[in-house]
Protein chains: 2
Amino acid sequence: MARLIGMHTHDVRFPTSRTLDGSDAMNPDPDYSAAYLRLVTDAGDGLEGHGFVFTIGRGNDVQVAALRALEGFVVGREVEATLADLGGVWRELVHDSQLRWLGPEKGVMHMAVGAVVNALWDLRAKRAGQPLWRLLASLSPEEIVGLVDFRYLSDALTREEALEILRRAEPGRAEREGRLLAEGYPAYTTTPGWLGYDDEKLARLCREAVVEGFSQIKLKVGGDLVDDTRRLGIAREAVGPGVRIAVDANQRWDVAEAIRWIEALRPFDLAWVEEPTSPDDVLGHAAIARAVAPVPVATGEHAANRVVFKQFLQAEALSVVQLDATRVAGVNENVAILLLAAKFGVRVCPHAGGVGLCEAVQHLAMFDFLAVSGSVEERMIEFVDHLHEHFVTPVDVRHGRYHPPLAPGAGTEMHPQSIEEYTQTPDQCAAG
Amino acid sequence: MARLIGMHTHDVRFPTSRTLDGSDAMNPDPDYSAAYLRLVTDAGDGLEGHGFVFTIGRGNDVQVAALRALEGFVVGREVEATLADLGGVWRELVHDSQLRWLGPEKGVMHMAVGAVVNALWDLRAKRAGQPLWRLLASLSPEEIVGLVDFRYLSDALTREEALEILRRAEPGRAEREGRLLAEGYPAYTTTPGWLGYDDEKLARLCREAVVEGFSQIKLKVGGDLVDDTRRLGIAREAVGPGVRIAVDANQRWDVAEAIRWIEALRPFDLAWVEEPTSPDDVLGHAAIARAVAPVPVATGEHAANRVVFKQFLQAEALSVVQLDATRVAGVNENVAILLLAAKFGVRVCPHAGGVGLCEAVQHLAMFDFLAVSGSVEERMIEFVDHLHEHFVTPVDVRHGRYHPPLAPGAGTEMHPQSIEEYTQTPDQCAAG
């Protein structure tokens, strides 16, 4: 009986701050990084499970330490039994009474659980010879709800309601898979909009986005209103009237300031306003959403867990759910978030970019289309065109659409030479 | 000019799980621990700044790794200038753009900032020759609001409103300090109520609490309703009708279950119900509070930051604010939370127990009495009688009251021999 015999961790950092890729109002100089892990078995099939937490540099070592704290929960387990009960494994990791104190269910420790869970899904998908999106969509409604922990959700979504949502999506699944394979899943691009780019580069990248077939772009805002107005004008002129423009404030504002700023930008016909304030502020987002309607409010990449998403939906505080592949506790919790969004009838437009987030999150959006919401209406996955070359199965984005990966796995595997080249020597061990 | 020349960290763990001290419905076997740090200067005065994050065992090493990630922000600084601008230092640590990604403002990284901030306050108070409560109360309203970051708070509390609250509390401060020194600050005890204790021990400890002068005790509930009912009956009989009994569910319930359970326990005249559900669930607590009124709802020991407290208050979701000395980013953020509570007219009854939490948090409650709310009406600090012997300035709790510490510092300094005896050898460095 094969067992999990090793968890190897790597502190991988890319020096992106040199080019200001990824610069926004709150993150002026990120170094896109991954606290990375590989699960090894003795099955003799050469298959490993890979997962990671995306960070933006400093503290990636802390995130690696959190991964290591989970080693004892994973190494030594039987492979088959573990992969057959990922709902149970999720509960065991998230609800460990001692580790739970460090969150609970938020921040470094919760994201570490997510990386382990995602690595287990990567391994399961590889062993099944399926891309994760197809593996998930092939599960029965009962198997899918078995992945979800309904603790703290039952006032908004019960197991029975989740089953009902999944059963409603069963008819037409094969037809939708055909459509997905033929046409891909819609994407939008954030590549033109980083704050660190000058006007000329902004205009050029906007024009390129149109040529590449994107029907929506996104601009970072929130640094300076005069700059934002000028940049939005440049972008609107470059893309023309038919392409949507979303803006992203990266948590820069308080409530009243957000409302004033968005009012000032309203003439540019905003597709949505993203992260207007603290990602913890459900009531603040609700106040902003009421004031700026009908401009949609979007958030989620920093929403700590399903309980926070539940409240955003209950409070009608957002109309675009931007789940993230590595912020919450992995695939299982994102399945819960997809079900919550479906229950409340709110569209999901996943956050991506960073390191490997596009590769990972596309599986969740495609699963949602096949088995949960059954829709791509006004839905898009974020796309940012960097660091894909480090992944074994890089995204295939053409004509403004993600074309589904067919290789087995969850998309989370980095090339060994990339891991080696960009791994930092640990320095957190120089104890006092 | 003296500088901070070292930050030494220690992974300190006490084997409390052997005695089931601290056992509750979510935490059956905690090993009370501290991710501990000492700041050393070259001032030649022998004074160090001590701070820690309380954890319950596994993961204490992750918390230590997070402390170490902050070393570069502290070591090398000028002592005087740093301690004179702890508002600025707080902002620098909390808003570091890269580390912020790991929260933001929550979990392991945020608590690590809190430990560093608290250690700086400990050093500042020692250099001033004052206990922290008196040092804080001696600051002007302008100096106090300078400690607070109003980002994300301004829809509920502005700088001007905070100043107004502080100025209103200036008259009578000397009289209140006299009262505090003479009478102490009210306490309640959780010592009798751990779930792991048998009925005989429960009854005995309840009777002892009355003899010791406590007018409120707290029982852990949420494991089993039949047990809870029996244990509450035993406790009520042991303490008599004049002593209040609060119950603490430690996040055990969903919303509907919480309401049902509290209804069933209502005949026992509950002083409050604590942590009925997820500490992230503002709207859930609000629903519970409406349904179980007039039973007060209490929470806070796991509330991640001031933005979460703000919403609990805005939503009328709690009537007892249970701030914690090491959950948020230290003294500064707790000053913000005290000001929020005062603005909304909600009483503060700090969470304590654990390792050193009583020693640390009493300073905040006493500062609140002198300089913020000006009241001890229905206010109490939690007291649990263990592990105090490890601290240089252990709490002085007599006749059901905390008597204010007079030794300089923030109460956070552990005896060197305790640190040495209970420090674990780091194992997080056995990298993959």
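Worth saying up front: this structure is predicted, and the values here are computed from it rather than measured.

Asks: I'm lost on the relation of the copies chain B and chain A in this one. Help?
Replies: In this arrangement, two copies of a chain are superimposed by a rotation about an axis accompanied by a shift along the axis. Superposition of chain B onto chain A requires a rotation of 180° combined with a translation of 0.0 Å along the rotation axis, giving an RMSD of 0.0 Å. Expressed as a symmetry operation, the mapping of one chain copy onto the other fits a two-fold axis. Judged by C-alpha distance, B:Gly107 is the residue of chain B that lies nearest the rotation axis, at 2.4 Å. Here 100% of the interface residues in chain B have copies in chain A that are interface residues too; the copies meet face to matching face.

Asks: Is there a simple way to explain the sheet that holds strand β1 (residues 4–13) of chain B in this structure?
Replies: Two modes of strand pairing occur in sheets, parallel and antiparallel, and in both the strands are linked by backbone hydrogen bonds. All names here are of chain B. Pairing within the open sheet is antiparallel, and its three strands lie in the order β1-β2-β3. Pairing within the sheet leaves two strands with one partner each, and these edge strands are β1 and β3 (48–55). Taken over all neighbouring pairs, the strand axes of this sheet differ in orientation by 15° on average, direction set aside. As judged from the eight bridges shared by strand β2 (residues 33–41) and β3, these two strands associate in the antiparallel manner. Opposite Val40, over in β3, you have Glu48 as the bridge partner. With respect to the sheet, helix α6 (residues 107–128) is in contact with β1, β2 and β3, its orientation differing from that of β3 by roughly 145°.

Asks: Help me understand the pattern of salt bridges in this model?
Replies: Two side chains with opposite charge may pair up if their charged atoms get near one another. Using the criterion set out here, one finds 60 salt bridges over all chains in the structure. A:Asp96 is the salt-bridge partner of B:Arg58, the closest N and O atoms lying 2.8 Å from each other. One end of the pair, B:Arg58, is in the loop between β3 and α1 (60–68); the other, A:Asp96, is in the loop between α4 (86–94) and α5 (97–100), on a second chain. On the basis of relative accessibility, which here comes to 9%, the residue A:Asp96 falls in the buried class. When the shortest N-O distance is used, the salt bridge between A:Asp149 and A:Arg306 registers 3.9 Å. On the criterion of sequence distance, the pair formed by A:Asp149 in the loop between α8 (141–147) and α9 (159–168) and A:Arg306 in helix α15 (residues 306–314) is long-range, its members being 157 residues apart. Three or more residues are tied together by salt bridges with common partners; here these are A:Lys218, A:Lys220, A:Asp248, A:Glu274 and A:Glu382.

Asks: What am I meant to see in the confidence of the model for chain A here?
Replies: Regions with low pLDDT carry predicted coordinates that are not meant to be interpreted in detail. On average, residues of chain A score 96 in pLDDT, and 98% of them reach the 70 mark or higher. The ipTM, which scores confidence in the relative placement of chains, is 0.96 for this predicted complex, and the corresponding pTM is 0.97.

Asks: Is there a simple way to think about the environment of A:Arg204 in this case?
Replies: Along the polypeptide, A:Arg204 turns up in helix α11 (residues 199–211). For the pair formed by A:Arg204 and A:Arg347, sequence separation is 143 residues and the distance between their alpha carbons is 30 Å.

Asks: Please explain the environment of B:Pro192 as it appears in this structure.
Replies: All names here are of chain B. With respect to the helices and strands, Pro192 occurs in strand β4 (residues 185–193). When the C-alpha positions of Pro192 and Val384 are compared, they lie 8.9 Å apart, and in sequence the two are 192 residues distant. Beyond its immediate sequence surroundings of up to four residues, Pro192 is in contact with Tyr197, Leu202, Leu205, Cys206, Ala209 and Ile217.

Asks: Looking at this structure, I do not really get the side chain of B:Lys220. What am I missing?
Replies: Residues and elements named next belong to chain B. Checked against the element boundaries, Lys220 lands in strand β5 (residues 216–220). Of note is the side chain of Lys220, whose polar atom sits 2.7 Å from the side chain of Asp248. Among the polar contacts listed, one links the side chain of Lys220 to the side chain of Asn250, at a separation of 3.3 Å. Sequence-distant contacts of Lys220, defined by excluding residues within four places in its chain, comprise Ser23, Asp24, Thr190, Gly193, Trp194, Leu195, Asp228, Arg231, Asp248 and Asn250.

Conventions and cut-offs
Residues numbered from 1 in each chain as written. Chains lettered and ligands numbered in written order. Predicted model: local features only at pLDDT ≥ 70, side-chain atom pairs only at ≥ 80, totals over all residues. Heavy atoms only, no water. Least-squares fit on C-alpha atoms with pLDDT ≥ 70 in both. Contact = heavy atoms within 4.5 Å. Pairing = 2+ DSSP bridges. Helix = DSSP H or I, 4+ residues; strand = E, 2+ residues; numbered from the N terminus. Axes fitted to C-alpha atoms, helices over the stretch in contact; angles between N-to-C directions. Salt bridge = Lys/Arg side-chain N within 4 Å of Asp/Glu carboxyl O. Buried < 20%, exposed > 50% of the residue type's maximum accessible area, 1.4 Å probe, protein only. pLDDT = per-residue confidence, 0-100. Polar contact = N/O pair within 3.5 Å; in protein donor to acceptor, adjacent residues only side chain to side chain.

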